[in-house]
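A closer look at the structure
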Amino acid sequence: MADTIAAAVYGEALFEAACVRGKQKEILEEVNCIAQLIETSPELQEFLRSPVIPAEEKKQFIKSSLHGVFSEEMIHFLFVLIDKERIWHISRIARCYKTLYERQRGESTGKIFSAVPLSAAQIESSEASVSALLRKKVRLENCIDPSLIGGVVIQVDGKCIDRSLKGELKQLKDELKQPVARKS
């Protein structure tokens, strides 16, 4: 819980700084790239998390590796995360930043769960339907969940639309459990 709160605080601070400089999209791309880089490199994770390696050495590594590739704002933000020992929150920070960026643009990203992979046309159709329902641009990522049997479950902005066979069967089961009102 505290990790999630810390990530939200840093994500909001980064977003506000990006807004002041008019670099929201650039910073979004950079924070996502850095988060992916750290997530996929166990050696880099170990280096950045190590309490034995001084913060100055970590910052020097960041500066020499990323200078000219990433903005000065992003490099300085990483320095703050290193100083505050929060660098391992970068993935959560990136997700928080992305949410704020999308909210500012009137967009949302969600997930569409299905038993089998959906075609691009099915995803686009679902995006159009959910966008109209929520009155904002929605992009959906297809996630496979074989337990659904058929149909889909869509999750966007904390809302859930369950149009799966599994969901319908559960609803039917719940209805059958309800006592029947008798007519007098």
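Summarised in this report is the structure supplied together with it. Not measured: the values here are computed from a predicted model. (Residues numbered from 1 in each chain as written. Predicted model: local features only at pLDDT ≥ 70, side-chain atom pairs only at ≥ 80, totals over all residues. Heavy atoms only, no water.)

Let's shift gears to the sheet that holds strand S4 (residues 159–164). Strand order across the open sheet formed by four strands is S2-S1-S3-S4, with mixed pairing between neighbours. Where the open sheet ends on each side, the last strands, each with one partner, are strand S2 (137–144) and S4. Each adjacent strand pair in this sheet contributes to an overall mean axis angle of 20 degrees, direction not counted. As judged from the five bridges shared by strand S1 (residues 107–114) and strand S3 (residues 151–156), these two strands associate in the antiparallel manner. Bridge pairing in S3 links Ser114 to Val152. (Pairing = 2+ DSSP bridges. Helix = DSSP H or I, 4+ residues; strand = E, 2+ residues; numbered from the N terminus. Axes fitted to C-alpha atoms, helices over the stretch in contact; angles between N-to-C directions.)

Our next topic: the side chain of Ser131. Locating Ser131 in the fold gives a position in helix H7 (residues 120–134). Within the local environment of Ser131, its side chain forms a polar contact with the backbone oxygen of Glu127, the two atoms lying 2.7 Å apart. (Polar contact = N/O pair within 3.5 Å; in protein donor to acceptor, adjacent residues only side chain to side chain.)

Let's shift gears to unusual backbone geometry. Phi is mostly negative for residues that are not glycine, and the peptide bonds are mostly trans. You will see that Glu85, though not glycine, has its phi angle at about 55 degrees, which is positive. When you line up the elements, Glu85 lands in the loop between helix H5 (72–83) and helix H6 (90–104). Among the residues examined, Glu85 registers a relative accessible area of 53% and is labelled exposed. We note that Asp157 has phi near 50 degrees; this positive angle belongs to a residue other than glycine. Relative to the helices and strands, Asp157 is located in the loop between S3 and S4. (Buried < 20%, exposed > 50% of the residue type's maximum accessible area, 1.4 Å probe, protein only.)

Turning next to the packing of aromatic side chains. Any pair of aromatic rings gets described here by the distance separating the centres and the angle formed by the planes. All chains considered together, the criterion is met by two aromatic pairs. Ring geometry for Phe15 versus Tyr97: centroids 5.3 Å apart, planes at 75 degrees, classification edge-to-face. With Phe15 in helix H1 (residues 2–21) and Tyr97 in helix H6, this pair connects stretches of sequence that are 82 residues apart. For the pair Phe15 and Tyr97, a shared accessibility class is recorded, and that class is buried. For the cation-ring pair, Lys59 lies above Phe79, with the distance from its terminal atom to the ring centre recorded as 5.8 Å. (Phe/Tyr/Trp six-rings, centres within 6.5 Å; stacked < 30°, edge-to-face > 60°. Lys NZ or Arg CZ within 6 Å of the ring centre and 35° of its normal.)

Grouped together as the largest cluster of nonpolar side chains are 33 residues, with contacts concentrated most on Met74, Leu78, Ile90 and Tyr97. Elements that contribute at least two residues to this core include exactly H1, helix H2 (24–39), helix H3 (42–49), helix H4 (55–66), H5 and H6. If you look at the next biggest cluster of nonpolar residues, it comprises nine residues, including Ile112, Ile123, Val138 and Val152. (Core = buried A, V, L, I, M, F, W, Y, C linked by side-chain atoms within 4.5 Å.)

So, on to the environment of Ser126. Within the element layout of this structure, Ser126 appears in helix H7. Take Ser126: its relative accessible area is 16%, and that puts it in the buried class. Distance from Ser126 to Leu140, taken between C-alpha atoms, is 8.0 Å for residues 14 residues apart in sequence. In contact with Ser126, not counting residues within four places along its chain, are Ile112, Leu140 and Ile154. (Contact = heavy atoms within 4.5 Å.)

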